[in-house]
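Notes for the structure review
This is what each chain is made of:
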Amino acid sequence: MSIVNNPPNYVWLNGSIKPWSEAKLPLLTHALHYGTAVFEGIRAYPSDDNLNIFRLGDHLDRLVYSAKIYYLALKYGPEELTQSIIEVIRINGFKGRTYIRPIVFVGFGGIGLDYTGFPVDVAIVAVPFEKYFHKSSVRAKVSTWRRISNEATPPLAKASGNYLNSALAKQEAVREGYDEAILLDHRGYVAEGTGENIFIVKNNVVYTPPTSSSILIGITRDTVMTLLSDLGYKVIERDIDRSELYVCDEAFFCGTAAEVTPIVEIDRRCIGRGEIGSVTRQVRDAYLDVVDGRNKKYAHWLTPVY
Ligand code: PY5
């Protein structure tokens, strides 16, 4: 994530809008110590006449099930959260590409791991946000770290603590001169990037790891699968071997922050021609048409802010 130079003027905390400088938390906030929080990463994109939040309902559904896994009782329903997200964007006056981060976290209640009865706080922060990767294609490394598994901390919950695993892999990759890491699951099959799902293309067929391979079930992944089938491509969810990464024709990451980003090198092996491939280009352009509001077929995925 790029550095946010200017914090927003206003945020939302536990039911009301607050100036950034007044939204403060106790140092004994449970989530700070133990990662006991679940969150969402959502984007809003300008169209010709509005700013539209992409697949907000699906992100809020995932927030609800992530919270359920960790026994976090959400005090606000999807409708209230929808209105609050819109309010946060409006009060800050954001009109351009915006990233929205709702987070549900265990607040201050004590030191112990049994957080029964502790407050479950909710915050919403939105910031102007352009590109996640500051380049049009990336070079990746298969991490020496394995993706967390369902038997440990379930990857399908978008839980803050899960990102320690991502952070280790990302730091290793960046310090070794790569842009991103690809994590294998506990069985040794390809899982995902540190904050993205992954797809490969071989002979015009598209493959992506199944939901059982320790991935976050991405909303962009679902969007991309839908758009690829609209484009006439067959998409197969199946286990992918590490070596298949090296011999595929194209590979790309996708996620809310990363959007559709081509991977042009993996473990110092050039992928395809070392530039964005034709399938990736088509699905990337189709994705941007949808989020920017140019494809009316998917207008139902957009929630207007103004
Ligand atoms: N896998 C992981 C581990 C993720 O963190 C993300 C999203 C995805 C897949 C893609 O999910 P979706 O398509 O629903 O966004 N990552 C966040 C994002 O906003 C945070 C990145 C730092 O993209």
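Residues numbered from 1 in each chain as written. Predicted model: local features only at pLDDT ≥ 70, side-chain atom pairs only at ≥ 80, totals over all residues. Heavy atoms only, no water.

**Observations regarding the overall build of the chain**
Defined as follows: Elements are defined by DSSP. Helices are runs of H or I of four residues or more, strands are runs of E of two residues or more, and each kind is numbered from the N terminus. In this scheme, a residue with accessible area under 20% of its type's maximum is buried, one over 50% is exposed, and one in between is partly exposed, where area comes from a 1.4 Å probe on protein chains only. Here, two residues are considered to be in contact whenever any of their heavy atoms come within 4.5 Å of each other. This count recognises Lys and Arg as positive and Asp and Glu as negative, with His and chain-terminal groups excluded. Charge positions come from single atoms, namely NZ of Lys, CZ of Arg, CG of Asp or CD of Glu.
Regarding its fold elements, the chain presents seven helices and 17 strands. Viewed in the frame of its principal axes, the chain has a C-alpha envelope of about 55 × 50 × 30 Å. Burial status across the chain gives 53% buried among its 306 residues. Pairs at least 24 apart in sequence give 72% of the contacts found in the chain among residues at least 6 apart. The centroid of the 34 positive side-chain charges in the chain is displaced by 3 Å from the centroid of its 35 negative side-chain charges.

**Concerning helix α5 (residues 219-230)**
To keep things clear, this is the line we draw: Each helix should span, by expectation, one fewer than its residue count multiplied by 1.5 Å.
Here α5 contains twelve residues, and its C-alpha end-to-end distance of 17 Å stays within 8% of the 16 Å for a straight helix at 1.5 Å per residue. Buried within α5 we find Ile 219, Thr 220, Arg 221, Thr 223, Val 224, Met 225, Leu 227 and Leu 228. Where α5 terminates, the next one or two residues include Gly 232, which has phi positive at roughly 95 degrees.

**Considerations on the nonpolar core**
One recurring pattern in soluble globular proteins: nonpolar side chains tend to sit buried together. Filter applied, for reference: We define a nonpolar core as any set of buried Ala, Val, Leu, Ile, Met, Phe, Trp, Tyr and Cys residues linked to one another through side-chain atoms lying within 4.5 Å.
Counting 29 residues, the largest nonpolar core has Ile 53, Leu 72, Leu 81, Ile 85, Ile 89 and Ile 100 as the members making the most contacts within it. Among the elements of the structure, β4 (42-46), β5 (51-54), α2 (56-69), α3 (78-92), β6 (98-106) and β7 (120-128) are those that each provide at least two residues to this core. With five residues, the single largest contributor to this core is α3. When residues no more than four places from it in sequence are discounted, the contact partners of Ile 100 are Glu 40, Gly 41, Ile 42, Arg 43, Ala 44, Ile 53, Ile 85, Ile 89, Ile 124, Val 125 and Ala 126. With 26 residues, the next largest nonpolar core counts Val 127, Val 142, Ile 240 and Ile 266 among its residues.

**Focus: the site of the ligand**
Short version of the rule: In these notes, residues near a molecule or strand are those with any non-hydrogen atom within 4 Å of it. Identification of polar contacts relies on pairs of N or O atoms within 3.5 Å, with a donor-acceptor requirement for protein atoms, meaning one able to donate a hydrogen and the other able to accept it, and with residues adjacent in sequence counted only if both atoms are side-chain atoms. Method for areas: the Shrake-Rupley scheme with a 1.4 Å probe, in which residue coverage is limited to the protein chains shown.
As a structural note, the neighbourhood of the ligand is formed by 20 residues, with Tyr 99, Tyr 163, Glu 192, Thr 220 and Thr 256 the closest of them. A distance of 2.5 Å separates an oxygen atom of the ligand from a polar atom in the side chain of Thr 220. At 2.5 Å, a side-chain N or O of Thr 256 approaches an oxygen atom of the ligand. Alone, the ligand offers 520 Å² of accessible surface; in the complex the protein occludes 96% of this.

**Concerning the pattern of salt bridges**
Where we set the bar: The term salt bridge refers to a side-chain nitrogen of Lys or Arg lying within 4 Å of a carboxyl oxygen of Asp or Glu.
Taken as a whole, this structure holds 19 salt bridges when the rule is applied. Note that Lys 141 and Glu 176 form a salt bridge whose closest N and O atoms lie 3.1 Å from each other. Here Lys 141, found in strand β8 (residues 138-146), pairs with Glu 176, found in the loop between α4 (163-175) and β9 (180-184); they are 35 residues apart in sequence, far enough to count as distant. Overall, the relative accessible area of 40% leaves Glu 176 in the partly exposed class. With its nearest N and O atoms 2.8 Å apart, the salt bridge here joins Arg 187 to Asp 239. On the criterion of sequence distance, the pair formed by Arg 187 in the loop between β9 and β10 (190-193) and Asp 239 in the loop between β13 (235-237) and α6 (242-247) is long-range, its members being 52 residues apart. Given a relative accessible area of 38%, Arg 187 falls into the partly exposed group. Overlapping salt bridges, with partners in common, bring together Arg 55, Asp 58 and Asp 222 in one network.

**Describing the packing of aromatic side chains**
Formally: Ring pairs are drawn from Phe, Tyr and Trp, using the six-membered ring of Trp, whenever the two centres fall within 6.5 Å, and their geometry is named by plane angle: stacked under 30 degrees, edge-to-face over 60, tilted for the rest. Placement of a charge over a ring requires the Lys NZ or Arg CZ to be within 6 Å of the ring centre, with the centre-to-atom vector within 35 degrees of the ring normal.
In this structure the tally under the stated criterion is nine aromatic pairs. Arranged with centres 5.0 Å apart and planes meeting at 75 degrees, the rings of Trp 12 and Tyr 76 form a pair that is edge-to-face. Of the two residues, Trp 12 is situated in strand β1 (residues 10-13) and Tyr 76 in the loop between α2 and α3; the sequence distance between them amounts to 64 residues. Here Trp 12 matches Tyr 76 in class, with each residue buried. The interplanar angle of 15 degrees and the centroid separation of 4.5 Å between the aromatic rings of Tyr 298 and Trp 301 together place this pair among those described as stacked. The same class applies to Tyr 298 and to Trp 301, which are both buried. Taken together, Phe 54, Tyr 287, Tyr 298 and Trp 301 form an aromatic cluster joined through their ring pairs. A cation over a ring is seen here: Lys 95 above Tyr 306, with NZ or CZ 5.2 Å from the ring centre. Above the ring of Tyr 246, the side-chain terminus of Arg 269 is found at 3.9 Å from the ring centroid.

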